[in-house]
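Each chain is listed here by its residues.
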Amino acid sequence: MTEIIAMHSAEPVIFGIVKIVWKDGFAGIVDLRPILAKDEMFNFLRVNPARFDDFKLEDYGHCIFWLDDDNYEIDFGSDSLRQRAERQADLLHLAG
């Protein structure tokens, strides 16, 4: 098992897109819109898109999360966000 690379910072860009810097210096943009559009657990964000900006970075940098309407944490882990950031960066490079 590989070590989790924690996030140093995360900030919203626009609805569904997050800019993240990991503690190893890697920075990337992650487009979460395809997931947010189809997964029922993100309905609270689709109903009120301004809530997207309310995500928090977990204290140790292992995930970002929102609190849904029932006060449950809905999160994305650092590893999955890193994989998405790297894959999306590769796609942009290929397209350019």
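Look above for the structure.
From a predicted model like this one, the values you see are computed outputs, not experimental measurements.

(A) Quick peek at the pattern of salt bridges. Under the definition given, this model contains four salt bridges. With its nearest N and O atoms 2.8 Å apart, the salt bridge here joins Asp31 to Arg33. Under the relative-accessibility criterion, Arg33 is labelled partly exposed at 37%. Linking Arg51 and Asp69 is a salt bridge whose minimum nitrogen-to-oxygen distance equals 2.4 Å. Linking Arg51 in the loop between α2 (43-47) and β4 (56-57) with Asp69 in the loop between β5 (63-67) and β6 (73-77), this pair joins segments that are 18 residues apart in sequence. Under the relative-accessibility criterion, Asp69 is labelled exposed at 59%. Taken together, the shared-partner salt bridges connect Asp24, Arg82 and Glu86 into one network.

(B) Region of interest: the packing of aromatic side chains. With the rule as written, the count across this model stands at eight aromatic pairs. The interplanar angle of 80 degrees and the centroid separation of 6.5 Å between the aromatic rings of Phe42 and Trp66 together place this pair among those described as edge-to-face. Highlighted residues: Phe42 in the loop between α1 (33-38) and α2 and Trp66 in strand β5, separated in sequence by 24 residues. Across the pair, exposure class does not vary: Phe42 and Trp66 are buried alike.

(C) Representation of the sheet that holds strand β1 (residues 7-14) within the structure. The three strands are arranged β1-β2-β3 in an open sheet whose pairing can be described as antiparallel. Edge positions in the sheet fall to β1 and β3 (27-31), since each of these pairs with one other strand and no more. Across the sheet, the axes of successive neighbouring strands diverge by a mean angle of 25 degrees, strand direction being ignored. Looking at chain direction, strand β2 (residues 17-22) and β3 are connected through five bridges and run antiparallel. Bridged to Val21 within β3 is Ala27.

(D) Spatial organisation of the environment of Asp79. Looking at the secondary structure, you find Asp79 in helix α3 (residues 78-95). On the basis of relative accessibility, which here comes to 34%, the residue Asp79 falls in the partly exposed class. With 14 residues separating them along the chain, Asp79 and Phe65 place their C-alpha atoms 14 Å apart. Not counting residues within four places of it along the chain, the set of residues in contact with Asp79 comprises Ile4 and Ile5.

About the criteria used
Residues numbered from 1 in each chain as written. Predicted model: local features only at pLDDT ≥ 70, side-chain atom pairs only at ≥ 80, totals over all residues. Heavy atoms only, no water. Salt bridge = Lys/Arg side-chain N within 4 Å of Asp/Glu carboxyl O. Buried < 20%, exposed > 50% of the residue type's maximum accessible area, 1.4 Å probe, protein only. Helix = DSSP H or I, 4+ residues; strand = E, 2+ residues; numbered from the N terminus. Phe/Tyr/Trp six-rings, centres within 6.5 Å; stacked < 30°, edge-to-face > 60°. Pairing = 2+ DSSP bridges. Axes fitted to C-alpha atoms, helices over the stretch in contact; angles between N-to-C directions. Contact = heavy atoms within 4.5 Å.

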